Structure formats: structure tokens, C-alpha cells
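Structural features, examined
Below are the chains, spelled out letter by letter.
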Amino acid sequence: MTYPRIGIRPTIDGRLGGVRESLEDQTMQLARAAAKLIASELRYPDGTRVECVIADTCIGGVAEASACAEKFRQENVGVSLTVTPCWCYGSETMDMDPRTPKAVWGFNGTERPGAVYLAAVLAGHAQKGLPAFGIYGRDVKKAGDLTIPADVKEKILRFCRAGLAVAMMKGKAYLAMGGTSMGIAGSIVDQPFFEQYLGMRVESIDMTEFLRRIDKGIYDKDEYSKAMAWVKKHCKEGKDYNSPKTRRSRKQLDHEWETSVKMALIARDLMVGNPKLAELGYGEEAHGHHAIASGFQGQRQWTDYQPNGDFLEAILNTSFDWNGKRAPYIVATENDALNGASMLFNYLLTNTAQIFADVRTYWSPAAVKDATGQKLTGKASGGILHLINSGPTALDATGEQSRNGKPAMKPYWEITDGEVKKCLKSTTWHPSITEYFPGGGWSTRFPKGTKGNMPVTMCRINLFKGLGPALQIAEGWTVQLPKKIHDALDERTNPTWPTTWFVPRLTGKGPFRDVYSVMNAWGANHGAISCGHIGADLISLAAMLRIPVYMHNIGEEDIFRPAAWNGFGTADAEGGDYRACANFGPLYG
């Protein structure tokens, strides 16, 4: 993949004869300082450092603004950051591209009115319908001080993370492998949403394509042999929870492993292609569908007949496989495209694997006491949410990776070989429950659940008739329950699926007044869960795409949206967000 770059636009007072000349060096140094910060802190999904492109000259007027825009087009710039320490001519120097996320950093110094330009140009952006984020440092700095203050750093990086997510989605595809699963509305793939809000296309294939490729051998046979050997060595089988009457033979189970591995190879090839297929004489299949995310329908038309998609979803969403550590693929179970898009948001902001889960059950302290005779303590004392689903939960979600001694899910290039082994060791694979999946298959389980005290963020895009998409966000933590409680509660539902116990951070009001209210207000049966508290980044990303946020527990001081949002209401920020998104419309609409 060719990744989008961040364009830095150093703007300047265009008056020659003493004014501009005195500012050239300082302005360009400010641009270089911003580029250095971005390159040192941010990485693309393959682990390489984010690249910045700086305009060839400072921008003092329309001619130089146009030259910069042309350079940015040639250099694959997808995000625009304007920087200046001084007054500039706002509408003559501003970025006019309507579909590029943009921000302006006006240096807070008294020698020259960079902050005055910031206010003027942001007003111009608002007036012209080109929303821009305003970055203004809290403390006044000396003109020659090129140290970027902490509050400015935070806003630059938040803007760039969200802007790159927007740029990386543009032009890619969501691949629907199959259609609607069991009537789940999220798997009624809404093409206008992907096209108008995310700049993506939707590609669709029938699940019979898997049968065709299996029957005709349209996959890399050498890789298949390698994958099967790896599975036999590292995918530890667990208890068969089927009754003696519904248990499947060892021969059948072995066949299900073989089919499941082939399905994983084929799903990946369908998403991104595989040059090996061209060598086998399948040139069309070698291209793939340019998919940055996908979903597998599975139930029921496929799973009543063939092994389920749990293995392909779990292993593709994981940061490693038989080929070693690598970037995860984003695959939504049950072809829930809205949860797939939510997972994609999280992934592009963090470069880490994602948890796809049912928001299955709220367990109150009283209900837990009644079911187990035990009392919830610590973070779990107010009740817990049971996040559990088959397949797509990445093996990273065992929590067996660590950062600073605490459980984490990390970008693949930070994961150690020892952590890979721990994740595999903490995952068991179980014959699927035959009543659920007559066609068989293998489901994952975390025998102890996800490790506790990992900060996580759960989000979900929902569609509303007459409104469009809206995003909800809940930051919180995983909790690891005592074995007696975990086993008792886990056995109450399908024990062959991976469990994460989640406690949201409460605010004492609205949907976050208690844990029950979070569950009660969640807008769908699924959620996308990412390691880290990334709610503020999600809010910035949603604003860029013009998707309002209707439920979150992010502190007011951390919310960063385009400056134009203030014009739609400051006393009621949530309502103002709705009005601004409706006014400006979807980014690609």
C-alpha cells in the first residue's frame, strides 16, 4: 500500500520589503518542527514512520497556495496542517481542498499575531464551508522558541491520527463475503454510507466463491501445508462441549480443520489478492478486491452446511499467523459491516488488532451473587458487561502482551516472540456446538478470559432512518474475575467463545450513570473494542467524516473538533455536533 502523507503548509505575511523577509526562517522552522514531531510519534500500519511533505516555499498568497496544492497532489498528501507564527492573508493562503482534513496551528507569541491569523482563517474556513481544526497553545511563547508545547503536541497528533485514518480509508473497499446474517441489520450493507461518509466502495461476493476455490484448488498449496503444520503445533484443542449424541468424529474434525485453514487463506486472498494465484493461472483472482475491511456472513446458509468462519475471522484479525507477525486484517463476523467500520476506525487510529464482540449481558452485583455465591470487587464491584462472540476476537485479546508491565494489545512490530507464544498458549480451540453450527468448525476460547486492567475503548456506528450514521463510545477497562466467578458465568452461555469482562468508566449521569445504563443504551448487539483510551481520537475522526457522536464518556477538555462546531452551540456540545454534521453533510456526499 502507498500510504497518504501529511502536508505541512507554512503560511506567512506576504508583504515584501522587510516584513516577509524577517519571518521566512522562523516560519519554515516551525513547519520542520511540526514535521519532526509527527514523524517521530506516528507510524503507518506497516510500522514505517509517517511521512510529511512541506511546501517548497512559505505561502504568502494565492500563487504559492496553488503551487503547494499541486505539490500535495503529486506527493499523495491526504492531510493538511497549516502552521504560522504571524499574520497572513487568510482567504488567500488557506487550503481550499474540500475533502482533505485540515488544521491550522497559529503560534501563540506576542511579537507577531499568529493567533490573530488563526482566528481570521478559521472564520474563513467556516464561512466557506471548509471546516478546519484550530490549534492554539495555552501559554504565550517567545518568537524564537521552537519547542512545541505539550497541549499543542497533543492536538497536532490527535488531528494527524484522525486525518490519516480518513485518508487511508479513501478509495479502499469493504468486502462483503456473503449477505445478511440472521436478519442482523448491520449486515444489510449500506453502500451509500461507505461511499458518502468514508469514501469507500462496497464489493460483494457470494459465499459459493469459497467452495469454488476449495474445490478447484485456487489457493497457495505450499502455504496451506505450512499453515496446517503451524495449526497442528500451536492451536491447542480444548474440551468438546457437545453431548455424546452430537459429537463429531475425529475424522470429521480433522476435515473441518483443513477446510477452516483453506477458508482463512481464501478470505485473505479475496481481500488483498495474492500474486501466487497468477502463477497458478488465476490472474483475475490474484488481484483481490482492494479491501481494507471485510465481513463473513457465515450463519446460517454457510454454517448449516460447511465449517463456520470462526477460525478465519480469529486468525485474520490477529497480529500473527504461520507467516509470523504481521498487520491484522479487519474481518467482521456475521458480515456486520457497521461493526466492521467501527473496528476499522479503531485499527487505523491504533495500528492494533481489534475485539469484535456481542455486548451480551449485564451482570449486576446481585445477579452475580445469586449465580455464584461470590461478591464482585474492585473495578467490577458495580457490575460488569460480558463481551463474547465467536470467531473475530483476535488472539491478541488474551491480554498476554504487555506494555510497562500491564496487559496490552500492541502494534505487530512491538510484539515479542514470547508474547506470541503466550497468546497461543492462552487460547484453546473447541469443536463448535453442533446445534449452532451443523456444518462444524472450530471456535476459540480464552479459558481465563481477557487479562484485567487493560484500558479499552468500545465503539459502534449505528444507522438511523432520517438521521444517518451516529457513533457511540465507551471507555473503560477489562477485568479478570476470580476463577470461580468466571467459570460459573462463562458456562451460562456458549463456553466455546472468547470472553472479555468489561467495565465502562462512569460519569454519574446520562447513559454512564451506572454500568446497567451503558448496556441499556447500547445501540446494537455488537461492539468494536480497542486497546487504549482512544475516545477523544474517535470524536475527532467522526467530526472529520461528519458523523455525530451521541453517547460518550470523554472529558470535555479532551474533545477536539473543527472550530466551526462552536457556531452550532457551545452550551450543548452534543446537540451542536449533530447540527454541524447535518449542516456540512458527509465528507464525500
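Check the entry above for the structure.
Residues numbered from 1 in each chain as written. Predicted model: local features only at pLDDT ≥ 70, side-chain atom pairs only at ≥ 80, totals over all residues. Heavy atoms only, no water.

Time to look at the overall build of the protein chain. Scanning the protein chain from terminus to terminus reveals 19 helices and 22 strands. Oriented by its inertia axes, the alpha-carbon framework of the protein chain measures out at about 90 × 60 × 45 Å. When contacts within the protein chain are restricted to residue pairs at least 6 apart in sequence, long-range pairs at least 24 apart make up 75% of them. Taken as a whole, the protein chain presents about 23,000 Å² of accessible surface, with 49% of it coming from carbon and sulfur. Across the protein chain, the mean location of the 68 positive side-chain charges is 4 Å away from that of the 63 negative side-chain charges. (Helix = DSSP H or I, 4+ residues; strand = E, 2+ residues; numbered from the N terminus. Contact = heavy atoms within 4.5 Å. Areas by Shrake-Rupley, 256 points an atom, 1.4 Å probe, with all protein chains shown as cover. Lys, Arg positive; Asp, Glu negative; His and termini not counted. Charge placed at Lys NZ, Arg CZ, Asp CG, Glu CD.)

For any two helices packed against each other, the geometry comes down to the angle between their axes and how far apart the axes lie. Remark: helix α5 (residues 150-169) packs on helix α13 (residues 337-350), axes separated minimally by 9 Å, with the N-to-C direction vectors making an angle of 125 degrees. Taken as axis vectors, α5 and α13 run oblique relative to one another. As α5 runs across α13, the sense of the crossing is right-handed. Residues R161, A162, A165, M168 and M169 of α5 form the contact with α13, whose participating residues are L344, F345, L348 and L349. (Axes fitted to C-alpha atoms, helices over the stretch in contact; angles between N-to-C directions. Parallel < 35°, antiparallel > 145°, perpendicular 65-115°, else oblique. Left-handed = near helix turned anticlockwise from the far one by under 90°.)

One pass over the full model with this rule turns up 22 aromatic pairs. Pairing Y219 with Y224 gives two aromatic rings, centres 5.8 Å apart and planes at 70 degrees, and the pair type is edge-to-face. Summarising the burial analysis for this pair, Y219 and Y224 share the class buried. Arranged with centres 4.7 Å apart and planes meeting at 15 degrees, the rings of W257 and W442 form a pair that is stacked. Linking W257 in helix α9 (residues 250-272) with W442 in strand β17 (residues 442-445), this pair joins segments that are 185 residues apart in sequence. Put simply, the rings of Y174, F193, F194 and Y197 pair up and form one aromatic cluster. Across from the ring centre of Y224, 5.2 Å away, lies the NZ or CZ of K262, which sits over that ring. Directly above the ring of W477 sits K379, whose terminal nitrogen or CZ lies 5.1 Å from the centroid. (Phe/Tyr/Trp six-rings, centres within 6.5 Å; stacked < 30°, edge-to-face > 60°. Buried < 20%, exposed > 50% of the residue type's maximum accessible area, 1.4 Å probe, protein only. Lys NZ or Arg CZ within 6 Å of the ring centre and 35° of its normal.)

Another aspect to go through is the nonpolar core. What tends to happen in soluble globular proteins is that the nonpolar side chains get buried as a cluster. Counting residues in hydrophobic clusters, the biggest one holds 89 residues, and the most contacted among them are L81, W105, I156 and L198. Residue contributions to this core peak at 12 residues, all from α5. Setting aside anything within four residues of it in sequence, one finds L198 in contact with M169, K170, F193, A341, F345, L545 and Y588. Ranked by size, the runner-up nonpolar core spans 43 residues in total, among them I205, L253, L312 and W429. (Core = buried A, V, L, I, M, F, W, Y, C linked by side-chain atoms within 4.5 Å.)

All right, on to the sheet that holds strand β4 (residues 102-106) then. On the basis of which strands lie adjacent, the open sheet formed by five strands has the order β2-β1-β3-β4-β5 and parallel pairing. Only two strands of the sheet have a single neighbouring strand rather than two, namely β2 (52-54) and β5 (133-135). Taken over all neighbouring pairs, the strand axes of this sheet differ in orientation by 25 degrees on average, direction set aside. As paired strands, strand β1 (residues 5-10) and β2 are joined by three bridges and run parallel to one another. Following the sheet pairing, I6 is matched in β2 by C52. Where helix α2 (residues 62-74) meets the sheet, it contacts β1, β2 and β3 (77-84), and its direction lies at approximately 170 degrees from that of β1. (Pairing = 2+ DSSP bridges.)

All right, on to the packing of helix α8 (residues 221-234) against α9 then. The N-to-C vectors of α8 and α9 enclose an angle of 125 degrees; their axes lie 10 Å apart at closest approach. Judged by the angle between their axes, α8 and α9 are oblique. With respect to the hand of their crossing, α8 and α9 are arranged in right-handed fashion. Contacts from E223, Y224, A227, M228 and V231 of α8 reach α9 at W257, E258, V261, K262, L265 and R268.

The subject of this paragraph is the side chain of S319. As for its position among the elements, S319 is in the loop between α12 (310-317) and β9 (320-321). Residue classification places S319 among the buried residues on the basis of a relative accessible area of 0%. Of note is the side chain of S319, whose polar atom sits 2.9 Å from the side chain of D396. Discounting chain neighbours no more than four positions away, the residues touching S319 are G324, K325, R326, P328, A353, D396, K410, Y412 and I415. (Polar contact = N/O pair within 3.5 Å; in protein donor to acceptor, adjacent residues only side chain to side chain.)

Turning our eyes to something else, we now look at α5. Given a rise of 1.5 Å per residue, 20 residues ought to cover 28 Å, and the 29 Å separating the end C-alpha atoms of α5 matches this to within 8%. The buried fraction of α5 amounts to 14 of the 20 residues, a majority that puts the element mostly inside the structure. In the stretch just after α5, G171 is the one whose phi turns positive, near 85 degrees. (Expected span 1.5 Å × (residues − 1).)

Strand pairing in a sheet relies on backbone hydrogen bonds, with the paired strands running either antiparallel or parallel. Strand order in the open sheet formed by four strands is β7-β6-β8-β11, and the pairing between neighbours is parallel. Edge positions in the sheet fall to β7 (201-205) and β11 (331-333), since each has one partner strand and no second. Ignoring which end each strand starts from, the neighbouring axes of this sheet average 20 degrees apart. Summarising the sheet, strand β6 (residues 173-177) and strand β8 (residues 291-296) pair through five bridges and their orientation is parallel. Looking at the pairing, Y174 lines up with A293 of β8.

What follows concerns the environment of E557. Here E557 shows up in the loop between β22 (549-551) and α19 (573-584). Considering only alpha carbons, one finds E557 and G124, 433 residues apart in sequence, at a separation of 25 Å.

With that out of the way, let us pick up the environment of P562. Within the secondary structure, P562 is located in the loop between β22 and α19. C-alpha of P562 to C-alpha of G129: the two residues are 433 residues apart in sequence and 11 Å apart in space. Beyond its immediate stretch of four places on either side in the chain, P562 contacts P131, A132, F133 and A543.

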